[in-house]
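Analysis of the macromolecular model
Okay, here's what each chain looks like letter by letter:
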2 protein chains.
Amino acid sequence: MVALKRKFLDESGKRWFDHADVVVALVEFGGLHGYVRISGSSLGSMLEVSQQAASRKLSRAVEAGLVDKRTGSAGFEYTVSEFARGQLRRFLNLFTAPLPRVELGATVVSGVGEGRFFLELRGYGRQFELIYGFKPYLGTLNLKADQNAFDVFRMYPSKIVNGFRTGNRRFGLVLTYPAILRLGSQVVECVALFPEYSRYGDDVVELIAPFSIKKKLGIADGTRVLVTPVLSVG
Amino acid sequence: MVALKRKFLDESGKRWFDHADVVVALVEFGGLHGYVRISGSSLGSMLEVSQQAASRKLSRAVEAGLVDKRTGSAGFEYTVSEFARGQLRRFLNLFTAPLPRVELGATVVSGVGEGRFFLELRGYGRQFELIYGFKPYLGTLNLKADQNAFDVFRMYPSKIVNGFRTGNRRFGLVLTYPAILRLGSQVVECVALFPEYSRYGDDVVELIAPFSIKKKLGIADGTRVLVTPVLSVG
DNA sequence: ATTACTAAGCAACGAGTAG
DNA sequence: TCTACTCGTTGCTTAGTAA
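Presented here is an overview of the structure given in this document. None of these values were measured; they are calculated from a predicted model. (Residues numbered from 1 in each chain as written. Chains lettered and ligands numbered in written order. Predicted model: local features only at pLDDT ≥ 70, side-chain atom pairs only at ≥ 80, totals over all residues. Heavy atoms only, no water.)

Another point: helix H1 (residues 20-28) of chain A. All names here are of chain A. In terms of burial, H1 is largely enclosed, as 9 of its 9 residues are buried. Residues of H1 that are buried include every one of Ala20, Asp21, Val22, Val23, Val24, Ala25, Leu26, Val27 and Glu28, and no others. Positive phi appears at Gly30, one or two residues downstream of H1, with a value of about 95°. (Buried < 20%, exposed > 50% of the residue type's maximum accessible area, 1.4 Å probe, protein only. Helix = DSSP H or I, 4+ residues; strand = E, 2+ residues; numbered from the N terminus.)

Structure, rendered in structure tokens:
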């Protein structure tokens, strides 16, 4: 049972917002469309820090690969790196994109039964009840979506189930999203789970409901279904 | 001669990127569309800092007015404040808006002749020459634009003229942008200046060129002109 | 003018713990 | 469980200065 750590955020140190001051300043002064000639002291006066601090911040942002540096005729010039632009694009997308009404196509797959194990843990179970007001059926329905499901769900407000530790074992947090599952004309309200530690990738959705979804809808592995993130259940 | 400090960036401490980690995490977990239930320890595990640090960061972001806090059924809930959303919107604009081909309508106004004084300072003059390759005529043409000119120009890559100090006097930095000035069919390539310290507001554009623009175009106070930011002169 | 070093001060961090 | 306190340590920031 190898659990992978899901990256809710990028790797520390290489996240653009670890160097947000430098990146934002560069963007504000045109560093998105080309190299900007800027000295440590100028950056310092804009960010209201010393020349030394500003120079250091710049070097570190360059080291982290978020800012590109070159030598111009009148000193060093900097621009926002393509790597940082990529991260920014994703972030801005979250900001500007209206909540999409997406019906994710997905195929029912079989889990390994560990969903039951986790749901039985008081640390998780109590939180689910508190947040959603129902005692979940002790088993998850696993779907393999046709695309990256987490990227779709994460645009919605998550209800966070906090992690905890029992004895010497740590259990990670779980991002949960209210969802609707469709099979033909049948509709089930449920909750999608994206655990911090999971055996699955971002295209797998684990669903819970107050009852066995499989039995209620009469589905088996391989059945095609549609799943949609929603703002709230009920 | 009262010089106002132009705000290139927002006030320190109340800038969203001073709390970028918290704001970004909140956005990533849906805090844009409503309150998100999140504990210090959860935020900590996402940002890879301790529970204490995460709680502190949250409180500080709340104090700064960037994050709103409320008490939910299962603990505190947070959302990105409208104040922060405003800052983010402006930032996103810089990022997503294509460089607009704007012709700013403006009226020629008379300055107080201090343009000449600043241009004569070696600290500025040498940098202008180095960057733009011409010795500026010792006087600025001042325009009062019909809208906030700085907000338009700042979408373009700026060439920064660094500040300096002579004796005990400090001279702030100047953001400069290549521009084109139009009067009827006549066109002049010039450079727009937005000094850190200025007597004017963001709707006033100070222009320099290798020659006297006023004489070349035969204009006087009150003449209507059009000014357009461009990527480069020549 | 610039960047970058060192030393001293101070703010932020994590560990432990209380409420 | 949570938040929030203290405290010792770490690491960032600044001033001064060299190159």
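Additional details are given in the paragraphs that follow.
This part is about the pairing of strand E10 (residues 174-183) of chain B. Residues and elements named next belong to chain B. The element E10 is extensively covered by neighbouring structure, given that 9 of its 10 residues are classed as buried. In the sheet, strand E7 (residues 159-161) pairs with E10 via 3 bridges, with the strands oriented antiparallel. Across the sheet, the residue bridging to Lys159 is Thr176, located in E10. Where E10 folds back onto strand E11 (residues 186-195) in an antiparallel hairpin, the turn is made up of 2 residues, including Gly184, whose phi is positive at roughly 65°. (Pairing = 2+ DSSP bridges.)

All names here are of chain A. By the definition in use, this model includes 32 salt bridges over all chains. Between Glu77 and Arg70 there is a salt bridge, and its shortest N-O distance comes to 2.7 Å. For Glu77, a relative accessible area of 13% translates into the label buried. (Salt bridge = Lys/Arg side-chain N within 4 Å of Asp/Glu carboxyl O.)

With that settled, the discussion passes to the packing of helix H2 (residues 40-47) of chain A against helix H3 (residues 51-63) of chain A. Residues and elements named next belong to chain A. Viewed as axis vectors pointing N to C, H2 and H3 meet at an angle of 105°, and their least axial separation amounts to 7 Å. Considering their axes alone, H2 and H3 lie roughly perpendicular with respect to each other. When H2 is examined against H3, the residues Gly40, Ser41, Leu43 and Gly44 are found in contact with a partner set consisting of Gln51, Ala54, Ser55 and Leu58. Residue composition of the contact of H2 with H3, by class: 3 nonpolar, 5 polar and no charged. (Axes fitted to C-alpha atoms, helices over the stretch in contact; angles between N-to-C directions. Parallel < 35°, antiparallel > 145°, perpendicular 65-115°, else oblique. Contact = heavy atoms within 4.5 Å. Nonpolar A, V, L, I, M, F, W, Y, C, P; charged D, E, K, R; others polar.)

The next subject is the sheet that holds strand E3 (residues 67-72) of chain B. Residue and element names in this part refer to chain B. Pairing is antiparallel in the open sheet, where 3 strands are placed in the order E2-E4-E3. Looking at strand neighbours, the two that pair on one side only are strand E2 (36-37) and E3, the edges of this open sheet. Of the pairings in the sheet, the one linking E3 to strand E4 (residues 75-80) comprises 6 bridges and is antiparallel in character. Bridging across to E4, Val67 finds its partner in Val80. With respect to the sheet, helix H1 (residues 20-28) is in contact with E2, E3 and E4, its orientation differing from that of E4 by roughly 95°.

Take the sheet that holds strand E3 (residues 67-72) of chain A next. All names here are of chain A. Pairing within the open sheet is antiparallel, and its 3 strands lie in the order E2-E4-E3. Strands at the two margins of the open sheet, each flanked by one partner only, are strand E2 (36-37) and E3. Where E2 lies against strand E4 (residues 75-80), 2 bridges are found, and the strand directions are antiparallel. Bridging from a neighbouring strand, Val36 pairs with Tyr78 of E4.

Right, let's talk about the relation of the copies chain A and chain B for a bit. Expressed as a screw operation, the relation of chain A to chain B combines 0.1 Å of axial shift with a rotation of 180°, fitting to an RMSD of 0.1 Å. Both copies of the chain, as the preceding transformation shows, are related through a two-fold rotation axis. Both copies present the same face, since 100% of the interface residues in chain A are matched by interface residues at the equivalent positions in chain B. (Least-squares fit on C-alpha atoms with pLDDT ≥ 70 in both.)

Summed over the entire model, instances satisfying the criterion amount to 32 aromatic pairs over all chains. On the basis of an interplanar angle of 55° and a centroid distance of 5.9 Å, the ring pair of Phe8 of chain A and Phe150 of chain A is categorised as tilted. Separated by 142 residues along the polypeptide, Phe8 of chain A in the loop between strand E1 (4-5) and H1 and Phe150 of chain A in helix H7 (residues 149-153) bring together distant segments of the chain. Judged by relative accessible area, which is 5%, Phe8 of chain A ranks as buried. Note on Tyr132 of chain A and Phe134 of chain A: the rings are 6.3 Å apart at their centroids and 40° apart in plane angle, and the pair reads as tilted. Within the aromatic cluster, the residues linked to one another by ring pairs are Phe8, Phe150, Phe153, Tyr177 and Phe194 of chain A together with Phe29 of chain B. (Phe/Tyr/Trp six-rings, centres within 6.5 Å; stacked < 30°, edge-to-face > 60°.)

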